[in-house]
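Architecture at a glance
Single-letter residue listing:
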Amino acid sequence: MFVGGKGDMAEKRSTYRALVVRERGKGSFVGQVETLNFAQLADDEVLIKVCYSSLNYKDALSAAGNRGVTRRYPHVPGIDAVGVVEKSAGGAWRPGERVIVSGFDLGMNHDGGFAEYLTAPEEWLLSLPAGMNFEESMSWGTAGFTAAQCVAKLLENGATPQRGRIVVTGASGGVGSFSVALLAKLGFEVVAVSGKDEGHFLVDLGAVEVLTREAFLEASGKPLLQEKWAGAVDTVGGGYLETAIRQCSYGSTVTCCGNAASADLHLSVYPFILRGVTLAGIDSARCPVSRRTALWQKMAGEWALDQLADLVTVITLDELGENFGKILAGMIRGRVVVKMV
Ligand SMILES: NC(=O)c1ccc[n+]([C@@H]2O[C@H](COP(=O)([O-])OP(=O)(O)OC[C@H]3O[C@@H](n4cnc5c(N)ncnc54)[C@H](OP(=O)(O)O)[C@@H]3O)[C@@H](O)[C@H]2O)c1
């Protein structure tokens with residue numbers, strides 16, 4: 001029997017609900033909300049009562065049985081969560097502390113945030129920054145944090161609004177929409193590339209122009225194209241990343257974080273050796289805690305987005321399953337946040 005909470009909030013319960021993905025026959029995976037027992041949670045980690053989680057692309061890969069993401073099933077996906085510490089085996093966190101847990105192996109090979117409770121090693125946790133509530137933190141979630149990392153990288157490498165326009169691919173998705181909104185907030189002219197009919201949404205987020213995928217993609221194979229961008233946030237990979245790099249102006253940076261379109265990259269070295277273009281890889285799972293903490297503070301403070309509510313659809317644990325296929329098909333607009341209570 002688990003005894004959780006403090007004072008008036010005390011509650012006694014032996015079970016909790018979680019979305020569990022099980023392998024049913026060869027290559028077939030099914031995710032269902034199940035009732036699990038606290039006894040199966042690790043007792044040498046921090047126990048967290050989850051308030052919100054969020055849907056990320058990687059969660060859908062895990063739910064679909066992608067062994068590159070999750071090796072063993074049954075498994076609870078969910079690469080991020082926010083909640084309240086109930087118990088900390090090592091004592092590093094106090095009961096009642098409000099924490100974000102994301103990245104590392106959460107939701108991959110360690111049960112994740114699609115559950116009313118989870119456990120995690122204490123070094124995976126961050127304090128929820130002041131000025132940010134539970135729902136806001138998972139509205140950003142891993143995708144928003146990744147957008148913040150992409151934007152931070154452009155700024156660190158010298159991008160300024162005066163140097164020219166920034167192009168964002170996969171612009172209506174999680175990383176893309178947060179990148180558009182954040183860059184626009186920081187004064188950049190942002191050109192959004194999207195395959196959806198979401199022009200109004202992207203303009204409302206701050207894009208000065210919206211291009212269809214076809215209008216953006218350049219498949220001539222020329223090693224260098226006319227210089228159009230002072231930087232790029234690519235979230236889809238393949239030909240989109242290739243086009244962005246070949247169109248970027250002297251000294252600019254292109255961030256690469258995803259491969260929804262393709263993991264392949266066919267390029268010559270010319271954008272790098274003749275234009276000094278930097279290709280910056282972005283990883284959120286193993287991002288060092290010091291950088292992680294600094295960026296979350298910014299997201300809660302000077303980078304806070306007025307349009308946060310417009311970027312998000314809030315669902316329950318029971319509604320998650322139907323959204324896995326949608327995110328894999330690139331059909332989600334903005335972010336999907338999972339409310340546990
Ligand atoms: N490196 C990291 O640490 C990290 C962290 C988070 C995410 N990621 C990766 O970043 C990528 C984006 O994540 P996300 O959360 O933003 O996913 P998402 O919400 O599904 O957005 C991806 C967007 O890319 C576009 N897209 C999807 N499939 C496409 C295709 N076949 N061809 C061209 N465009 C396509 C769609 O936007 P439009 O309809 O607007 O074109 C889609 O909405 C994923 O690959 C994810 O795994 C990496």
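Residues numbered from 1 in each chain as written. Predicted model: local features only at pLDDT ≥ 70, side-chain atom pairs only at ≥ 80, totals over all residues. Heavy atoms only, no water.

So, on to the domain arrangement of the protein. Annotation of the protein at the domain level lists domain 1 (2-128 + 308-339) and domain 2 (142-281). In this complex, domain 1 contributes 14 residues to the contact, which on the side of domain 2 involves 13 residues. Note on domain 1 versus domain 2: buried area summed over both sides is about 1,000 Å², and carbon and sulfur give 62% of it. The three residues of domain 1 that bury the most area against domain 2 are Leu-311, Arg-333 and Arg-335, which together make up 48% of that side's buried surface. Counting across the interface, domain 1 meets domain 2 through 1 salt bridge. Arg-333 is the partner of Glu-198 in a salt bridge, and the nearest nitrogen-oxygen pair spans 3.1 Å. (Domains from an automatic or database assignment. Contact = heavy atoms within 4.5 Å. Buried area = accessible area lost by both parts, 1.4 Å probe. Salt bridge = Lys/Arg side-chain N within 4 Å of Asp/Glu carboxyl O.)

Let's shift gears to the packing of aromatic side chains. Under the defined criterion, the tally for this structure stands at 9 aromatic pairs. Seen from their ring centres, Phe-104 and Trp-124 are 5.6 Å apart, and the 5° between their planes marks the pair as stacked. A residue pair is termed long-range when its members are at least 10 positions apart, and Phe-104 in the loop between β7 (98-102) and β8 (117-120) and Trp-124 in the loop between β8 and β9 (125-127) qualify at 20 residues. Geometrically, the ring pair formed by Trp-140 and Phe-178 is tilted, given 5.1 Å between the ring centres and 55° between the ring planes. One end of the pair, Trp-140, is in helix α2 (residues 134-156); the other, Phe-178, is in helix α3 (residues 174-185), and 38 residues separate them in sequence. (Phe/Tyr/Trp six-rings, centres within 6.5 Å; stacked < 30°, edge-to-face > 60°. Helix = DSSP H or I, 4+ residues; strand = E, 2+ residues; numbered from the N terminus.)

Moving on, we come to the site of the ligand. In the vicinity of the ligand lie 27 residues, with Ser-172, Val-175, Ser-194, Gly-195 and Ser-284 positioned nearest. Between the ligand and Lys-196 there is a distance of 2.9 Å, counted from an oxygen atom to a side-chain nitrogen or oxygen. Elements with a contribution of two residues or more to the shell around the ligand: α2 and α3. (Near = heavy atom within 4 Å. Polar contact = N/O pair within 3.5 Å; in protein donor to acceptor, adjacent residues only side chain to side chain.)

Glancing now at the packing of α2 against helix α8 (residues 289-300). Taken N-terminus to C-terminus, the directions of α2 and α8 make an angle of 105°; their axes are 10 Å apart at the nearest point. Here α8 runs roughly perpendicular to α2, going by the angle between their axes. Note on element contacts: α8 touches α2 through Arg-291, Arg-292, Leu-295, Trp-296 and Met-299, opposite Ser-137, Trp-140, Gly-141, Phe-145, Ala-148, Gln-149, Ala-152, Lys-153 and Glu-156. Residues of the contact of α2 with α8, tallied by class, amount to 7 nonpolar, 3 polar and 4 charged. (Axes fitted to C-alpha atoms, helices over the stretch in contact; angles between N-to-C directions. Parallel < 35°, antiparallel > 145°, perpendicular 65-115°, else oblique. Nonpolar A, V, L, I, M, F, W, Y, C, P; charged D, E, K, R; others polar.)

Another aspect to go through is the pattern of salt bridges. For the structure shown, the criterion picks out 11 salt bridges. We note a salt bridge from Glu-34 to Arg-22, for which the minimum N-O separation is 2.8 Å. Taken together, the residues Glu-34 in strand β4 (residues 29-37) and Arg-22 in strand β3 (residues 15-23) connect sequence positions 12 residues apart. Exposure remark for Glu-34: the relative accessible area of 17% places this residue in the buried category. (Buried < 20%, exposed > 50% of the residue type's maximum accessible area, 1.4 Å probe, protein only.)

Our focus in this paragraph is the pairing of β4. Two strands pair when backbone bridges link them, and β3 and β4 are joined in this way by 9 bridges, in the antiparallel orientation. By the bridge assignment, Val-20 is partnered in β4 with Gln-32. Turn length for the β3-β4 hairpin, with the two strands adjacent in sequence and antiparallel, is 5 residues, and the turn residue Gly-25 shows positive phi of about 80°. (Pairing = 2+ DSSP bridges.)

All right, on to the side chain of Thr-235 then. The residue Thr-235 is located in the loop between β13 (229-234) and α6 (238-247) in this model. Among all residues touching Thr-235, those that are not within four sequence positions of it are Thr-169, Gly-170, Val-175, Gly-176, Cys-257, Gly-258, Asn-259 and Ala-260.

Pairing is parallel in the open sheet, where 6 strands are placed in the order β12-β11-β10-β13-β14-β15. Every interior strand has two partners, whereas the edge strands, β12 (207-212) and β15 (278-281), have only one. Neighbour-to-neighbour, the strand axes of this sheet turn through a mean angle of 20°, independent of strand direction. Of the strand pairs in this sheet, strand β10 (residues 166-168) and β13 are connected by 3 bridges, and their pairing is parallel. Note on β13: the bridge partner recorded for Ile-166 is Gly-231. Docked against the sheet, α3 engages β10, β11 (190-194), β12 and β13, running at close to 160° with respect to β10.

Right, let's get into the environment of Lys-26. Along the chain, Lys-26 turns up in the loop between β3 and β4. Assessed through its relative accessible area of 86%, Lys-26 is described here as exposed. Counting along the chain gives 171 residues from Lys-26 to Asp-197, while the straight-line C-alpha distance between them is 37 Å.

Proteins that are soluble and globular tend to have nonpolar side chains buried together. Judged by nonpolar contacts, the single largest core of 48 residues is most densely connected at Trp-140, Val-180, Leu-183, Leu-202, Trp-296 and Met-299. For this core, the secondary structure elements donating two or more residues are β5 (46-55), α2, β10, α3, β11, α4 (199-205) and α8. At 11 residues, α2 tops the list of elements feeding residues into this core. For this core, the two domains that each supply at least three residues are domain 1 (2-128 + 308-339) and domain 2 (142-281). Leu-183 has contacts with Val-151, Leu-154, Ile-166, Val-168, Phe-188, Val-190 and Val-233, leaving out every residue within four places of it along the chain. One finds Ala-18, Leu-19, Ala-81 and Ile-315 within the second-largest nonpolar core, a separate group that totals 40 residues. (Core = buried A, V, L, I, M, F, W, Y, C linked by side-chain atoms within 4.5 Å.)

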